[in-house]
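# Structural overview for review
Below, each chain spelled out in residue letters.
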Amino acid sequence: MSLHSSVLSSGQKPQYQRCPDPGCTLLHCPFCPQYNGDYARVETHIQSHLKMVVHHGEFLTYRCNLDCRKGSHYHCCGCGLTFPRRNSLLRHLSTCQSQNSQGANQRPEHQPQAHPVLDEVTPTPTSQQRQQLADLLK
Ligand SMILES: [Zn+2]
Ligand SMILES: [Zn+2]
Ligand SMILES: [Zn+2]
Ligand SMILES: [Zn+2]
């Protein structure tokens, strides 16, 4: 699942949008299409977004005013659901299944397998295998 444009990984900066209207030289907030201005104005506006950002794991969720739904809202970085309030997203994040399963499953699955398997798979070659080896080495 690809992340919504209002969900950035930490370290990523919001990209100011050039207006699609060629006659317009203003910058637009990437999360609020109706908000525009010169660099300083949009920069100040982005700072106010940063105060409201939701940090979760490696993700930063910005308040979104795009027309995904009515009114400003937040997107869950795990499942993509939208929430009208920061608090409702925060509550959801502690229970969001897709976020939990992604984070929890990836590492434990890899690590425990690597070592136990090595310990078990040290069988002494069967006489048949020895014979095959000997044949190969001829
Ligand atoms: Zn414009
Ligand atoms: Zn904005
Ligand atoms: Zn949205
Ligand atoms: Zn979710």
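Residues numbered from 1 in each chain as written. Chains lettered and ligands numbered in written order. Predicted model: local features only at pLDDT ≥ 70, side-chain atom pairs only at ≥ 80, totals over all residues.

### Some thoughts on the overall build of the protein chain
Our working definition: Helix and strand labels come from DSSP, where a helix needs a run of H or I of at least four residues and a strand needs a run of E of at least two; each type is numbered from the N terminus. Any residue with 12 or fewer other C-beta atoms within 10 Å of its own C-beta is exposed, any with 20 or more is buried, and the rest are partly exposed; the C-beta atoms used are placed from the backbone.
Within the protein chain one finds four helices and eight strands. In the protein chain, which comprises 138 residues, the share counted as buried stands at 18%.

### A short note on the environment of R63
The test is simple: Residue pairs qualify as contacts under a 7 Å threshold applied to their C-beta atoms, which are placed from the backbone.
Take R63: it is sitting in the loop between strand 6 (59-61) and strand 7 (74-75). Measuring from C-alpha to C-alpha, the distance between R63 and C32 comes to 8.8 Å, with 31 residues separating the pair along the chain. The contacts of R63, once residues within four sequence positions are left out, are F31, H49, M52, S72 and Y74.

### As for the sheet that holds strand 3 (residues 27-28)
As a reminder, the rule being used: By the convention used here, strands pair only if DSSP detects at least 2 bridges between them.
With antiparallel pairing, three strands are arranged side by side in an open sheet as 2-3-4. Each having just a single partner strand, strand 2 (17-18) and strand 4 (36-37) make up the two edges of the open sheet. Pairing between strand 3 and strand 4: two bridges, direction antiparallel. Each bridged residue has a counterpart across the sheet, and for H28 the counterpart in strand 4 is N36.

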